[in-house]
Amino acid sequence: MPQPLPHPLPPVRPMPYPRRWCALAVLLVAEAMNLLDSTIMTVAAPVIHADLGGPASGIQWFSAAYTLPFAVLLITGGRLGDIAGRKRVFRAGVAAFVLASALCALAASPTMLITARAVQGAAAALVIPQTIGLIRGMFHGDELARAMGSIGPVMGLAAVCGPVLAGVLTHADLFGSSWRAVFLVNVPLGLGVLAAAPLLREDRSERRPRLDLTGTVLAVLATGALVHPLIGSGPDRGSPGRWVLFAAGLCLMALFGAHQRRRTARGRSALVETRLFSDRGFPAALAAAVLFFAVVNGLMLVVVLQLQLGPHTDVRSAGLTLLPWSAAMAVASWTAGARLVPRHGSRVMFAGLAALLLGTLGALVVYATGRPAAYPWPLLAALTAAGLGQGLFSVPFFTTALGRVRPHETGSAAGLLNAAQQLGGTLGVALLGTVFLHTAPGAGAPGARAALLGARDACGAAVALLAGTVAAAVLLHAAARTRPASPRWGRRTRNAKSPSGYGR
């Protein structure tokens, strides 16, 4: 008869991956490269349009062509990593991103640039979803929390540097490259990531899902049909054909929803986890993400357009004008995560919305009372308030939205929220950019007075979008307060920690 062991066996801990910290640096560079390419276009777009020509709506498409495929293909990119291996898909995405960046730098027409930007966005959708999975595969325990916590500061730094880097590179005109340098900078960064990619460890899902190709196609067609009619400032902006296309997009979106419910009912892998929508707080979170980031991205574009098309501020000064916004956002994000959210929970969202509203109203007053040909110095204070609002809102928002989902739904929920953020940015560029360009005489650049009035009208539209954001945030906050008690979601004291790391 075997004798009982005198002491229980210690739990088996996975061996730490020896090159994990170097591998983390590779992943963070790839993340920063993709975010830089998104924010860098805000400042460079007017210069590109002046060089390549074409309709004024091209300014909006230079950004939307990147964020739209990025948003729609994020979840599919994550599924490809689960199936084929995250390291393999990551390398393929980075390679495609480098190639597309080179094509952007060589673009000889707006159509060529917009096409290359779309390829960039699709490549980014392959890269970004793999980061979390690869980090989770290489780190464990306390080190995992440290590794995941490093993403936020790096992304904040990239957000701060993006507009400034775009202004500096374009203004420097290195070797006569002008705006093309903002894309060429991706080539050495991307090649460095590819050269260091062997440091990564391959990782894939134990349960390999199946791709929902039909759902992906429907999502691409629906979002494209919805966004396209919203972009444009020419004579055909009010044509019936645009609204027919918009109505077709709504029908395709309804068909996409029915397709997702049918696949889920049959037990097949769907692009969207439909059970997330049984909780009224999650749809409110998606609506808040779309509306909030529409305001943020749209306002940034409008500020730069007014500066460059109104008082004809040079591109470097336009980039530096956004520095107070980016710096305030970085400071507010750290303060919210470290101090405010652990103490006050989701209520911090409303402080952020109030600050963003104050900044937007301040910008509206500046544009309504400013001199057309003068640099709007009071605008810097308004942009600082807007940046504080973005930082104070983002941290408690994502914490509250993801804190409500079950563990097995976290990946799908995070992917949907990220997609909603990117889609909101696309819609903001489309809506607020179109409101601004609506005042342009014909298809040319607006004069100084028209630019001032266009910026004023765009700020008014942003205020309306913020009203919708507040309504969605109220629903999310109310749903969080009425969360049912369960082993995962119980009633907690003021100082207790939520599953996501913050108290309510």
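Residues numbered from 1 in each chain as written. Predicted model: local features only at pLDDT ≥ 70, side-chain atom pairs only at ≥ 80, totals over all residues. Heavy atoms only, no water.

A.B. asks: Pulling in residues and values, what's your account of a positive patch on the surface?
C.D. replies: Together, Arg210, Arg262, Arg266 and Arg268 line one region of the surface with positive charge. Note on placement: Arg210 falls in the loop between helix 8 (186–196) and helix 9 (213–227). (Patch = residues over 30% accessible without salt bridge, like charges linked within 9 Å, V, L, I, M, F, W, Y side chains within 5 Å. Areas by Shrake-Rupley, 256 points an atom, 1.4 Å probe, with all protein chains shown as cover. Salt bridge = Lys/Arg side-chain N within 4 Å of Asp/Glu carboxyl O. Lys, Arg positive; Asp, Glu negative; His and termini not counted. Charge placed at Lys NZ, Arg CZ, Asp CG, Glu CD. Helix = DSSP H or I, 4+ residues; strand = E, 2+ residues; numbered from the N terminus.)

A.B. asks: Account for the pattern of salt bridges, naming residues and giving values.
C.D. replies: In the structure shown here, the tally under the stated rule is seven salt bridges. Linking Arg263 and Asp212 is a salt bridge whose minimum nitrogen-to-oxygen distance equals 3.7 Å. Highlighted residues: Arg263 in helix 10 (residues 240–265) and Asp212 in the loop between helix 8 and helix 9, separated in sequence by 51 residues. The pair Arg263 / Asp212 is uniform in exposure class, with both members buried. Each of Asp82, Arg86 and Asp203 takes part in one network of salt bridges that share partners. (Buried < 20%, exposed > 50% of the residue type's maximum accessible area, 1.4 Å probe, protein only.)

A.B. asks: Explain the side chain of Lys87 residue by residue, including any values.
C.D. replies: Summarising the element assignment, Lys87 is placed in helix 3 (residues 86–105). No salt bridge is formed by the buried Lys87; its nearest oppositely charged neighbour, Glu202, is found at 6.5 Å. Setting aside anything within four residues of it in sequence, one finds Lys87 in contact with Leu134, Ala197, Pro198, Leu200, Arg201, Glu202 and Asp203. (Contact = heavy atoms within 4.5 Å.)

A.B. asks: Describe in detail the environment of Ala123, supporting the description with residues and values.
C.D. replies: For Ala123, the position within the fold is in helix 4 (residues 110–138). The buried category is assigned to Ala123, whose relative accessible area is 2%. For the pair Ala123 and Asn34, spaced 89 residues apart in the sequence, the C-alpha separation amounts to 9.4 Å. Ignoring anything within four residues of it in the chain, the contact list for Ala123 reads Gly93, Ala96 and Phe97.

A.B. asks: Lay out the packing of helix 1 (residues 20–52) against helix 4 with the relevant residues and their values.
C.D. replies: The N-to-C vectors of helix 1 and helix 4 enclose an angle of 160°; their axes lie 10 Å apart at closest approach. Taken together, the axes of helix 1 and helix 4 lie roughly antiparallel to each other. Of the two elements, helix 1 crosses helix 4, and the hand of that crossing is left-handed. Between helix 1 and helix 4, the residues in contact are Arg20, Ala23, Leu24, Leu27, Ala30, Glu31, Asn34, Asp37, Met41, Ile48 and Leu52 and Pro110, Leu113, Arg117, Gln120, Ala124, Val127, Ile128, Thr131, Leu134, Ile135 and Met138, respectively. (Axes fitted to C-alpha atoms, helices over the stretch in contact; angles between N-to-C directions. Parallel < 35°, antiparallel > 145°, perpendicular 65-115°, else oblique. Left-handed = near helix turned anticlockwise from the far one by under 90°.)

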